Amino acid sequence: MRHRIAFISTIVFALAVTASAQIPAAAPIPHLEKRGAATQLIVDGKPWLALAGETDNTASSSLEYMETAWPKIVKVNLNTVLVGIGWDWVEPEEGKYDFTLVDGLLDGARKHNLRLIFLWFGSWKNGLSSFVPEWVKADQQRFPRARLKNGKPVEVLSTLSEASLNADTRAYTAFMRHLKEADTGRRTVLMIQLQNEVGLIGDSRDRSAPAEAAFARPVPPELLDYLQKNKPALWPDLLKLWEAAGARTAGTWQEVFGKSTAADEIFMAWNYARYLDHMAKAGKAEYPLPVFTNTWLVQPQDQVPGDYPSGCPEPLVIDIWKAGAPAIDINAPDVHLRNFNDWSERFHRPNNPLFVPESYGDLGGAANAFYGIGQHAGIGYSPFGVNSPEHWAEMRPGTNTPVSNALEDLPLAKAYAVLAQMTPLITDAQAKGTIGAAWLTTQQPRRDIALGNYVVNIDIQRNRRNPVPALGYAIVVSVGPDEYFVAGRDVQILFMPNTPGPEIAGLARVETGKFVDGKWIPGRRVNGDDVVLEYDQAAAAAKNQSGSGLIFGADGPTIQHVKLYRYH
Ligand code: DGJ
């Protein structure tokens, strides 16, 4: 008898083992988590750096086309792809959903070992309502349009329509329900972008009758409460506007924010925020993935809201979005401007982690990725147009000839390869606050970062053997009292002590190498000509600066490991 019980329990145990091997416990849902100094995207239980790229708007409407894109995307070393999903692609007839495309995209991504971020092109895409289904476009009675100053309706759904909100919410929640069913076992989808660059173009506010009525009513008390509670942390220009109008705690939009187009912009921001918050909440009730919006940034030639989409989460109105849309986790900038350093700083705030869903993919893009991730604890970077990355090739200086035609040699591909190797080190350092980065141009050629026991002096590369490049970038991670990992391209780096003790810094030991499965594998030792920046040792010692330093050429980014010492 005892034998029989033992035999049966062996079978039960064997069956249990087989079952658990076949059905792996679902990984936790991707989510944002505050870890020390950073808010990180946690995927499969670990911080994830989204080394991403976004496809052209309609690339993802054809699975056949995507078959040509996936292999290129893999060669550029992405781990995450942002793809659009149009409301009209999944609900062409009201109430009848077809998610074949979504399933095909999930399938394609999985086959190529990639993760996805879906962009829900619903009520608005670049301010317009061009991706809504035909049954929405055609029925302006039921789905009213915004109107401009001249009285004309435009191809833009009004934010004040409950019918539009309900119809978009129904479709979006059906999509999120589908994702939950289709992806719980895999977690291929990491986040959702809700709508795309919302905001009214052509006027500073919607002039339809319901919008005019809402504009004449008092500012909702929940917005004013938020502003009062968060006063010290408000965007300075918003605070100025509010204070200039008397810092009132009740009144109409113009009474509270003054009689300028800024009041219109704030009103629009509030209404878009409420609309998206309702949708984000309903979607999260189905499947709680992180949700972000993307911002069409004010361009240098823009004068008033309406030149750029009025109500889009620009820095001026980001607090209005935080108040009106708590279910939106991130307001993200689309940085199609070259001053990436300024924009990343504006959007990285204590309540807003940095994620950049659209930007450049060329050499400047590689520098942006390093800078956003290294200096602003970014959770990812994503250049636009990743389905045809050929146009990101680097040209030989002064020519139109690419340095290489191989996608693996693109500056972005090389930068992503290094960031992938360094991900555990970087994400750990983001949480500890032991990381910094430099983004240098010939106009801004120098950055000093105080990190650990030293000030790290980073300069654009002026190595006597090479011409001065137009751009340089580096990430610096402090890993011990006198020890750093540095990755970069076209920079040179010296060190100065920043704590009590012997006052002059020197290089003790430098090596190149790579990370394999998170472990540092040293390669060549670096010394002699490869660390000598200048022979004027007296000048260096007078500044307490190390007499030699790290040099990163144009063949990178590469990684160097440096140990320093100090002397009197
Ligand atoms: C910004 C938009 O968000 C994208 O969808 C795309 O239209 C690009 N502009 C084109 O540059």
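Please refer to the structure higher up on the page.
Attention here is on the structure that accompanies the text. In this text, all values refer to a predicted model and were calculated from it rather than measured experimentally. (Residues numbered from 1 in each chain as written. Predicted model: local features only at pLDDT ≥ 70, side-chain atom pairs only at ≥ 80, totals over all residues. Heavy atoms only, no water.)

## What about the overall build of the protein?
Then, number 1: When helices and strands are tallied, the protein shows 16 helices and 23 strands.
Then, number 2: Taken over C-alpha atoms, the radius of gyration comes to 26 Å for the protein, in line with the 24 Å a tight globule of 568 residues would show.
Then, number 3: Each principal axis of the C-alpha atoms in the protein carries an extent, and together these give about 85 × 80 × 50 Å.
Then, number 4: Out of the 568 residues in the protein, the part that is buried amounts to 54%.
Then, number 5: Across the protein, contacts joining residues at least 24 apart in sequence account for 72% of those joining residues at least 6 apart.
Then, number 6: For the protein, the centre of its 55 positive side-chain charges and the centre of its 61 negative side-chain charges are spaced 5 Å apart. (Helix = DSSP H or I, 4+ residues; strand = E, 2+ residues; numbered from the N terminus. Rg over C-alpha atoms; globule rule 2.2 N^0.38 Å. Buried < 20%, exposed > 50% of the residue type's maximum accessible area, 1.4 Å probe, protein only. Contact = heavy atoms within 4.5 Å. Lys, Arg positive; Asp, Glu negative; His and termini not counted. Charge placed at Lys NZ, Arg CZ, Asp CG, Glu CD.)

## Description of the site of the ligand
Then, number 1: Near the ligand the following residues occur: Asn-57, Lys-125, Asn-126, Asn-196, Glu-197, Asn-294, Asp-334, Glu-358 and Phe-384.
Then, number 2: Contacts to the ligand include Lys-125, whose side-chain N or O atom sits 2.9 Å from an oxygen atom.
Then, number 3: Take Asn-196: an N or O atom from its side chain is 2.8 Å from an oxygen atom of the ligand.
Then, number 4: For the shell around the ligand, the class distribution of residues is 1 nonpolar, 4 polar and 4 charged. (Near = heavy atom within 4 Å. Polar contact = N/O pair within 3.5 Å; in protein donor to acceptor, adjacent residues only side chain to side chain. Nonpolar A, V, L, I, M, F, W, Y, C, P; charged D, E, K, R; others polar.)

## Considering the packing of aromatic side chains
Then, number 1: A complete count under the given rule lists 25 aromatic pairs for this structure.
Then, number 2: Between Phe-485 and Trp-520, the aromatic rings sit 4.9 Å apart at their centres with planes inclined by 70 degrees, giving edge-to-face as the arrangement. With a gap of 35 residues between them, Phe-485 in strand S18 (residues 483-489) and Trp-520 in strand S21 (residues 519-525) connect regions that are remote in the sequence. Both residues of the pair, Phe-485 and Trp-520, belong to the buried class.
Then, number 3: Among the aromatic residues, ring-to-ring pairing joins Tyr-97, Phe-99, Phe-118, Trp-120, Tyr-172 and Phe-175 into one connected group. (Phe/Tyr/Trp six-rings, centres within 6.5 Å; stacked < 30°, edge-to-face > 60°.)

## Concerning the packing of helix H13 (residues 340-347) against helix H14 (residues 363-375)
Then, number 1: Between H13 and H14, the least distance of the axes is 10 Å, while the angle of their chain directions is 30 degrees. Judged on the interaxial angle alone, H14 and H13 are roughly parallel. Regarding H13 and H14, the two cross each other, and that crossing is right-handed. Contacts between H13 and H14 involve Phe-340, Asn-341 and Ser-344 from the first element and Asn-368, Tyr-371 and Gly-372 from the second. (Axes fitted to C-alpha atoms, helices over the stretch in contact; angles between N-to-C directions. Parallel < 35°, antiparallel > 145°, perpendicular 65-115°, else oblique. Left-handed = near helix turned anticlockwise from the far one by under 90°.)

## Some words on the pairing of strand S15 (residues 446-451)
Put simply, side chains in a regular strand alternate between the two faces of the sheet.
Then, number 1: Of the pairings in the sheet, the one linking S15 to strand S16 (residues 454-460) comprises 6 bridges and is antiparallel in character. What sits directly across from Arg-446, in S16, is Asp-459.
Then, number 2: Between S15 and S16, which pair antiparallel and follow one another directly, the connecting turn spans 2 residues, one of which, Gly-452, has a positive phi of 65 degrees. (Pairing = 2+ DSSP bridges.)

## As for the nonpolar core
Then, number 1: Within the largest apolar cluster, 145 residues are counted, with the highest numbers of intra-cluster contacts made by Ile-85, Phe-118, Trp-120, Phe-175, Leu-179, Ile-192 and Leu-227.
Then, number 2: For this core, the element with the highest residue contribution is helix H11 (residues 261-286), accounting for 12 residues.
Then, number 3: Setting aside residues up to four positions removed in sequence, Ile-192 forms contacts with Ile-117, Phe-118, Tyr-172, Phe-175, Met-176, Leu-179, Leu-289, Pro-290, Val-291 and Phe-292. (Core = buried A, V, L, I, M, F, W, Y, C linked by side-chain atoms within 4.5 Å.)

## Digging into helix H7 (residues 209-216)
Then, number 1: Of all the positions in H7, only Ala-211, Ala-214 and Phe-215 are classed as buried. End-on view of H7: buried residues confined to an arc of 100 degrees, all on one side of the axis. In H7, those exposed residues whose orientation departs by more than 90 degrees from the buried face are Ala-209 and Ala-216. (Arc of directions from axis to C-beta.)

## Focus on the pattern of salt bridges
Then, number 1: This model, assessed by the stated rule, comprises 28 salt bridges.
Then, number 2: With a shortest N-O distance of 2.7 Å, Arg-142 and Glu-94 are connected by a salt bridge. Taken as a pair, Arg-142 in the loop between helix H5 (134-137) and strand S7 (145-147) and Glu-94 in the loop between helix H3 (87-90) and helix H4 (100-111) lie far apart in primary sequence, 48 residues in all.
Then, number 3: Between Arg-205 and Asp-264 there is a salt bridge, with its nearest N and O atoms 3.1 Å apart. Of this pair, Arg-205 sits in the loop between strand S9 (189-196) and H7 while Asp-264 sits in helix H11, and the two are 59 residues apart along the sequence. Per residue, the accessibility class of Arg-205 equals that of Asp-264, and both read buried. (Salt bridge = Lys/Arg side-chain N within 4 Å of Asp/Glu carboxyl O.)

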